[in-house]
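Single-letter residue listing:
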Amino acid sequence: QVQLVESGGGLVQPGGSLRLSCAASTSIFGSNTAGWYRQAPGKQREWVAHIFSGGFTNYADSVKGRFIISRDNAKNTMYLQMNSLKSEDTAVYYCRVIFPEGSSSWGQGTQVTVSS
């Protein structure tokens with residue numbers, strides 16, 4: 001079972017930036033679909049962005065143009081660069097890897113709070 005560990009969350013002012021990292025225990029990002037999800041208090045977990053094995057990316061409309069998903073296969077790490085942060089981006093952010101057979105692995109989450 002692959003282990004995923006997120007880091008990089010914290011408190012940031014509106015308009016600021018943060019970069020989240022998701023470190024995997026093994027080399028998986030280059031051969032599987034991976035993504036970021038988030039869950040705000042009292043809301044369901046929602047999809048934020050995906051990066052596919054071929055490098056193609058897609059984003060939820062709410063973050064398009066502000067967030068960038070990327071990966072470093074040599075470091076077994078996926079990133080989420082978050083710019084122009086808004087209060088509505090406040091949530092626990094999770095990374096996820098989706099395997100071809102349909103199973104997936106999740107990280108434990110990292111808190112992002114956008115507030116002045």
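In what follows, the structure referred to is the one given above.
Everything quoted here is computed from the prediction, not taken from an experiment. (Residues numbered from 1 in each chain as written. Predicted model: local features only at pLDDT ≥ 70, side-chain atom pairs only at ≥ 80, totals over all residues. Heavy atoms only, no water.)

Overview of the overall build of the chain
Moving on, step 1. When helices and strands are tallied, the chain shows zero helices and eleven strands.
Moving on, step 2. Along its sequence from the N terminus, the chain presents helices and strands in the succession β-β-β-β-β-β-β-β-β-β-β.
Moving on, step 3. Taken over C-alpha atoms, the radius of gyration comes to 13 Å for the chain, in line with the 13 Å a tight globule of 116 residues would show.
Moving on, step 4. Projected onto its principal axes, the C-alpha coordinates of the chain cover approximately 40 × 25 × 25 Å.
Moving on, step 5. Out of the 116 residues belonging to the chain, those deemed buried represent 45%.
Moving on, step 6. Taking contacts inside the chain between residues at least 6 apart in sequence as the whole, the part at least 24 apart equals 52%.
Moving on, step 7. When the accessible surface of the chain is totalled, it reaches about 5900 Å², and 48% of it is carbon and sulfur.
Moving on, step 8. Looking at the chain, you have 10 positive and 7 negative side-chain charges, and the mean spots of the two groups are 2 Å apart. (Helix = DSSP H or I, 4+ residues; strand = E, 2+ residues; numbered from the N terminus. Rg over C-alpha atoms; globule rule 2.2 N^0.38 Å. Buried < 20%, exposed > 50% of the residue type's maximum accessible area, 1.4 Å probe, protein only. Contact = heavy atoms within 4.5 Å. Areas by Shrake-Rupley, 256 points an atom, 1.4 Å probe, with all protein chains shown as cover. Lys, Arg positive; Asp, Glu negative; His and termini not counted. Charge placed at Lys NZ, Arg CZ, Asp CG, Glu CD.)

Regarding the state of the cysteines
Moving on, step 1. Under the defined criterion, the tally for this structure stands at one disulfide.
Moving on, step 2. Each sulfur in the disulfide pair C22 and C95 lies 2.1 Å from the other. Of note, the bridge from C22 to C95 carries an S-S torsion of about 60° and is right-handed in sense. Within this pair, whereas C22 is found in strand β3 (residues 18–24), its partner C95 is found in strand β9 (residues 91–98), the two being separated by 73 residues in sequence. Like C22, the residue C95 is buried in the burial classification. (Disulfide = S-S within 2.5 Å.)

Examining the sheet that holds β3
Moving on, step 1. Strand order in this open sheet of four strands is β1-β3-β8-β7, and the pairing throughout is antiparallel. Either end of the sheet is taken by a strand with one partner, and the two such strands are β1 (4–7) and β7 (67–72). Strand-to-strand twist in this sheet, taken as the mean axis angle between neighbours without regard to direction, amounts to 15°.
Moving on, step 2. Looking at chain direction, β1 and β3 are connected through four bridges and run antiparallel. Bridging from a neighbouring strand, L4 pairs with A24 of β3. (Pairing = 2+ DSSP bridges. Axes fitted to C-alpha atoms, helices over the stretch in contact; angles between N-to-C directions.)

Considerations on the nonpolar core
Among soluble globular proteins, nonpolar side chains are generally buried collectively.
Moving on, step 1. Counting residues in each nonpolar core, the largest one holds 31 residues, and the members touching the most others are L4, F29, W36, M78, L80, M82 and Y93.
Moving on, step 2. Filtering out sequence-adjacent residues up to four positions away, F29 remains in contact with L4, C22, A24, A34, R71, N73, N76, T77, M78 and V97. (Core = buried A, V, L, I, M, F, W, Y, C linked by side-chain atoms within 4.5 Å.)

Quick look at unusual backbone geometry
Moving on, step 1. Residue N76 is not a glycine yet carries a positive backbone phi of 55°.
Moving on, step 2. When you line up the elements, N76 lands in the loop between β7 and β8 (77–82).
Moving on, step 3. In this structure, S84 is a non-glycine residue whose phi angle is positive, near 50°.
Moving on, step 4. Among the secondary structure elements, S84 is positioned in the loop between β8 and β9.
Moving on, step 5. Residue classification places S84 among the partly exposed positions, given a relative accessible area of 42%.

These results come straight from atomic positions and should not be treated as a statement about function.
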